[in-house]
Every structure is written in structure tokens, then in C-alpha cells.
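A look at the structure
Each chain, letter by letter, is given below.
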Amino acid sequence: MKPAQIQTFFATLAAANPQPQTELEFASVFELLAAVLLSAQATDVSVNKATRSLFLVANTPKKMLDLGLEGLEGYIKTIGLYHSKAKHLLQTCQMLIDQHGGQVPRTREALEALPGVGRKTANVVLNVAFGEPTMAVDTHIFRVSNRTGLAPGKTPLAVEQALLKRIPQAFLVDAHHWLILHGRYVCQARKPRCWQCAVAPCCDFSPKTQSG
């Protein structure tokens, strides 16, 4: 995909969805961090179902710790890998209290030092909570970047670095939302919905799939 096509690609996505948002539900930076931690290898829908009840009783690190492991697991047992996620979330809550005054830190290094928080989770928090132009490369972004020719790469990190170089500055802050949503609903894994795709003219994928 050439620079002019990349400009058109994002301008088209931006026109269709000027203020894209994460589909995870949260009311604070801590709730966002917890939701993203829980969302690894799980759908946003499944995480939202669990956290709607969880955040009513535990919306701070202290309240989360007060639940204990069994109490927390009771709220998130419908989410995949819930046992290890519960353990990591409680460890993270303890570190937030001990090292950060109960607040979510604003640096990548401090975020990635939290149990269960990897580069992708840190990027989501930095972008969504603090407005930084980071690129959280999940399976959707990885697929869209490679399939379309936007930012081909063999690893998530390679794709992340390519995206940060190739996406025009004006679109960087919102780009990861547009790409995730595009991959989730249009440029799907098994059969991309090319016949419904507004950015198909910019895309290198061939042959384009047809309806039916």
C-alpha cells in the first residue's frame, strides 16, 4: 500500500467513524487496565458481561484485593484463563497500592512491570486512557496490516513498528481502534467482507471476496 493509499484508507475510516472507541466497558483508568488484562484471548463481549458485576463491587485496587482470589474468580469464571488472570490481577492491584499510590502508572515500563500486563495491554492503556499514539497489535490488527499491505510484518512487534512509521500523524491516536473494528466486522479472518468494504480500493488483497 502506497502513502497516498494509506492516507485515503484512514481518511475513509475516519469519515465513517470520527470518534472510535474501545468496545470494553470501563469508568476509570483502573477499570480499563483490569478489563484489558482480562481480555487476553477472550472477547470484549465476554469480558464486559463479567466486569459489569465485578466493577460494581470492586472498582479500585483495594476493593479488588478485598475480594480475595476465590471471590474474584467467582466474578470472572466465564472468561477464558480466569484462574491465572485472577491471580495476575490481584498481584497487579497489590503493586499499584505498594508502588504507585493506588494509581495506574503512565509509562510503558511501569505498566509492563505489572503482572499479566504485556506490551499490547500497556499500549491499550497508554492510548485509551492517556491519549498516546501507540499501536496495540492484536490478531485483528496483525491480519489487517498484512492482508491489506498496510504494514506487513512477521511478528506483532514488527507490525507495530511498521504501523507507527507508515500511518500519517493525524490518524495515529485513533488508528488502532479503526483497525481493530475493521478486522472484527469487515476484514474478517475466514472470509473478508470485501463487498462491504469502504477501503477496498486501497487494499492489496487479491482476489477480493464476493458476496455469497
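Below is a summary of the structure that appears in this document. (Residues numbered from 1 in each chain as written. Predicted model: local features only at pLDDT ≥ 70, side-chain atom pairs only at ≥ 80, totals over all residues. Heavy atoms only, no water.)

A full pass over the atoms with the stated rule returns four aromatic pairs. Taking 5.1 Å as the distance between ring centres and 75 degrees as the angle between the ring planes, the aromatic pair formed by Phe9 and Phe10 counts as edge-to-face. Comparing Phe9 with Phe10, the two get one shared label, buried. Ring centres of Phe171 and Trp178 lie 6.2 Å apart, and the angle between their planes is 70 degrees; on these two criteria the pair is classed as edge-to-face. (Phe/Tyr/Trp six-rings, centres within 6.5 Å; stacked < 30°, edge-to-face > 60°. Buried < 20%, exposed > 50% of the residue type's maximum accessible area, 1.4 Å probe, protein only.)

Moving on to the layout of surface pockets. Gaps left between atoms are located by rolling a probe of water-molecule size over the structure's atoms. Considered as a void within the structure, the largest pocket measures approximately 570 Å³ in volume. Looking at the lining of the largest pocket, the element that brings in the most residues is helix α10 (residues 172-185), giving six residues. By residue class, the composition of the lining of the largest pocket is ten nonpolar, eleven polar and five charged. As a volume, the second largest pocket reaches approximately 180 Å³. What lines the second largest pocket is simply Thr12, Leu13, Ala16, Asn17, Trp178, Leu181, His182, Val186, Gln196, Cys197 and Ala198. For the lining of the second largest pocket, the secondary structure elements donating two or more residues are α1 (3-16) and α10. (1 Å grid on protein atoms, 1.4 Å probe; cavity = no way out; pocket = protein on both sides within 12 Å on 5 of 7 lines; lining within 4 Å. Points joined across faces, edges and corners; volume = space filled by probe spheres on them. Helix = DSSP H or I, 4+ residues; strand = E, 2+ residues; numbered from the N terminus. Nonpolar A, V, L, I, M, F, W, Y, C, P; charged D, E, K, R; others polar.)

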